[in-house]
Amino acid sequence: AQSVTQLGSHVSVSEGALVLLRCNYSSSVPPYLFWYVQYPNQGLQLLLKYTTGATLVKGINGFEAEFKKSETSFHLTKPSAHMSDAAEYFCAVSDNQGGKLIFGQGTELSVKP
Amino acid sequence: DTGVSQDPRHKITKRGQNVTFRCDPISEHNRLYWYRQTLGQGPEFLTYFQNEAQLEKSRLLSDRFSAERPKGSFSTLEIQRTEQGDSAMYLCASSFWGQGTGELFFGEGSRLTVL
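Bear in mind the structure is a predicted one, so any value in this text is a computation, not a measurement.

Reading the values: the criteria
Residues numbered from 1 in each chain as written. Chains lettered and ligands numbered in written order. Predicted model: local features only at pLDDT ≥ 70, side-chain atom pairs only at ≥ 80, totals over all residues. Heavy atoms only, no water. Contact = heavy atoms within 4.5 Å. Buried area = accessible area lost by both parts, 1.4 Å probe. Salt bridge = Lys/Arg side-chain N within 4 Å of Asp/Glu carboxyl O. Polar contact = N/O pair within 3.5 Å; in protein donor to acceptor, adjacent residues only side chain to side chain. Nonpolar A, V, L, I, M, F, W, Y, C, P; charged D, E, K, R; others polar. Pairing = 2+ DSSP bridges. Helix = DSSP H or I, 4+ residues; strand = E, 2+ residues; numbered from the N terminus. Axes fitted to C-alpha atoms, helices over the stretch in contact; angles between N-to-C directions.

A closer look at the interface of chain A and chain B
Contacts between chain A and chain B engage 18 residues on the former and 23 residues on the latter. Of the roughly 1,700 Å² buried where chain A meets chain B, counting both sides, 51% is carbon and sulfur surface. Counting across the interface, chain A meets chain B through one salt bridge. The tally of links from chain A across to chain B stands at six residue pairs in polar contact (both at pLDDT 80 or more). Of the residues in the side of chain A that touches chain B, the class split is six nonpolar, ten polar and two charged.

The following block contains the structure:
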């Protein structure tokens, strides 16, 4: 069975600081990994995904994530936080493209001025 | 492309009543998913369809829950005899299985409050 663990339910950073949101996964097959963002009272929007190939994946809004198989991790980073980045972030794993996603519990990101 | 749409966006009902949610996926997508999300939690998988066939149901989907996708287009999720524990956001997503990016596109959700 697949699972996702997001370390830290709340992360607070200052505007302009580095954003690091942690995600570890468990999968018995090569995983497909995703980060989604959710703003209040809205659905989920895809930030980026890893399927195969390059392990460093760039997404929208300046976010990127690196797939590290040896560490079973897929941490999300952004060099400089912006106030508009405040939202809930979810890491998810699937065993194929277009297939069912298993989500972590989410990390709420706050950005202080 | 109008995206995934869900209706109603908000539903308040009394315990014991039945409720139905509708999801219209992106038109060319052959897979449709239902998830449930409670406050402070990630979305939990409920069920999914490929075209009109329901291929998997989570153990979270009790006998009071039923989902259909009769013509392989829109889908409905019905909850019978609602309980307060059913209060949640119900999310629908669609994807194209077999081609393209494989990304799941989510609707904005239907929020259910059971009094």
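Here we look at the sheet that holds strand β8 (residues 73-78) of chain A
Residues and elements named next belong to chain A. On the basis of which strands lie adjacent, the open sheet formed by five strands has the order β1-β3-β8-β7-β6 and antiparallel pairing. Of all strands in the sheet, those bounded by a partner on one side alone are β1 (3-7) and β6 (56-58). Pairs of neighbouring strands in the sheet enclose a mean axial angle of 20 degrees, with direction left out of account. Bridging between strand β3 (residues 19-26) and β8 involves four bridges; their strand directions are antiparallel. Bridge pairing links L20 to T77 in β8.

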